Structure formats: C-alpha cells, structure tokens
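One letter stands for each residue in the lines below.
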Amino acid sequence: MPYHGPAMTSPPPLVSFVGPSGAGKTTLLEGLVREMLRRGRRVACLKHSHHRDLLPDASGSDTHRLTQAGAAVTGLSAPGLLCLWRTDGGEWPLPSLATLAGEAVDLVLTEGYGGGPAPKVLVLGPGQSPPELPPDLLAVVGPCPPGWKGPLFAPDQVRELADLLEERLGLGSGERA
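Definitions and limits used
- Here the residue numbering is sequential within each chain, running from 1 through the sequence in written order.
- Totals for whole chains, interfaces and linings use every residue, but because this is a predicted model, local features are given only for residues with pLDDT of at least 70 and side-chain atom pairs only at 80 or more, for both listing and counting.
- Side-chain metrics in this entry use all non-hydrogen atoms of the structure; hydrogen atoms and water are not considered.
- Residue exposure (1.4 Å probe, protein chains only): buried if accessible area is under 20% of the type maximum, exposed if over 50%, otherwise partly exposed.
- For helices the rule is a DSSP run of H or I covering at least 4 residues; for strands it is a run of E covering at least 2, with both sets numbered from the N terminus onward.
- Summarising the geometry, the arc corresponds to the directions from the helix axis toward the C-beta atoms.
- Two residues form a contact once any of their heavy atoms are found within 4.5 Å.
- At least two DSSP bridges between two strands are required for those strands to pair.
- To obtain each axis, a line is fitted to C-alpha atoms, and for helices this fit is confined to the stretch in contact; angles are then taken between N-to-C directions over 0 to 180 degrees.
- A side-chain nitrogen of Lys or Arg and a carboxyl oxygen of Asp or Glu constitute a salt bridge if their distance falls within 4 Å.

A. Up close: helix H3 (residues 94-101). What H3 keeps buried is the set Leu94, Ala98, Thr99 and Ala101. Along the axis of H3, the buried positions cluster into a sector of 160°, meaning they face one direction only. Contact partners of the buried residues in H3: strand S1 (14-18), strand S2 (43-47) and strand S5 (107-111).

Here it is as structure tokens:
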C-alpha cells in the first residue's frame with residue numbers, strides 16, 4: 001500500500017521584497033520582522049540566491065554519497081534544520097517552500113523571488129530605479145519610480161507597511177495581546 005503521509009497544510013500568506021542590490025531590503029525586513037513579532041505574528045523569512053555553493057554538499061558526506069548514487073533530491077534534516085539538494089539544478093517553487101514553513105508561521109517574507117508568484121514590495125535606495133514595475137506590486141519603499149501611483153513608504157515607515165500587509169493579506173488586526 002503506498003504511503004501518503006500527513007496532509008500538507010496550505011501555505012501562509014507570502015510577500016516578496018524585491019529591488020536592486022544595496023537598496024536596503026535586508027534592513028527593511030529586519031525592521032518588519034521585529035514589528036510583526038511585536039504584533040504577535042510568527043514570521044518566516046526566505047532569501048533567494050542564484051549562488052549554488054552556499055551550503056555545499058561536502059565530498060564524502062552521506063548526502064554526497066547518496067547524490068552520487070543517483071538520488072534526484074537529497075536532504076539533511078536535524079532539529080531546527082532542513083536542507084534539500086536537487087541534482088537537476090532546478091529551483092524549489094516558492095509555494096512549496098512556504099508550505100514547508102506553514103505550520104510554524106503566520107506570514108512568509110522573502111528577499112528576492114522577483115519572478116515568483118507572490119505579491120511584491122519594491123525596495124529602492126536613493127537614485128535607484130527598477131527596470132520595470134512588477135505586475136503584482138503591492139507597495140514601493142524608497143523613491144517613487146516613474147508611473148507608480150500606489151502605496152509609497154519611506155524606509156522608516158515599517159509600522160505603516162505592516163498595517164498595509166496585514167490588510168492586503170487578510171491577517172486581521174495586528175495588535176494582538
């Protein structure tokens with residue numbers, strides 16, 4: 001009889017913070033995480049990278065041996081850690097990653113994933129402008145890009161941005177006791 005495992009939970013709401021390098025995405029996310037925690041929210045953060053050597057599969061390790069044996073996906077799980085390698089070099093779909101975090105969090109914030117299916121917050125530093133505005137743009141943090149008529153925040157308006165995200169993502173009132 002095939003194993004079907006436990007039912008997967010639906011992913012929590014997610015938002016991708018996108019923009020050029022040096023725009024202040026990480027700093028903004030640090031402040032937003034603190035604000036969401038202050039409101040009683042459990043937050044997951046995922047950073048997208050195009051670098052494949054961030055967590056190398058060390059030669060001779062058990063996971064390396066299993067990859068060499070032909071496993072399409074090799075994983076390492078330990079308390080508080082999950083690391084998965086794909087031998088085809090493909091990227092994990094963002095909704096799948098959000099689902100993995102789902103039971104532990106109320107909201108997933110990503111840095112990057114500009115081409116992913118999540119709504120976006122564009123972060124721009126002084127003098128920076130995007131090549132084009134994403135179609136699923138919720139807000140801009142920083143200088144207003146040409147053609148943008150939606151919500152615009154200064155980098156220090158973290159509370160106001162949190163209010164907008166809670167409203168748009170259907171998280172309800174953020175001020176929890």
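B. The arrangement of the sheet that holds S5 in detail. Sheet architecture is open: six strands sit in the order S2-S5-S1-S6-S7-S8, paired in parallel fashion. Looking at strand neighbours, the two that pair on one side only are S2 and strand S8 (152-153), the edges of this open sheet. As paired elements, strand S7 (residues 137-141) and S8 share two bridges and run parallel to each other. Of the residues in S8, the one forming a bridge with Val141 is Phe153. Across the face of the sheet, helix H4 (residues 158-168) comes into contact with S1, strand S6 (120-123), S7 and S8 while running at roughly 180° to S7.

C. Up close: the pattern of salt bridges. Scanning all chains against the criterion turns up 10 salt bridges. Taking the shortest distance from any N to any O, the salt bridge between Arg159 and Glu35 comes out at 3.6 Å. Separated by 124 residues along the polypeptide, Arg159 in helix H4 and Glu35 in helix H1 (residues 25-38) bring together distant segments of the chain. A residue is classified by how much of its surface remains accessible, and Glu35, at 7% relative accessible area, is buried. Arg39 is paired through a salt bridge with Glu166; the nearest N and O atoms lie 2.8 Å apart.

Just geometry here; none of it tells us what the structure is for.
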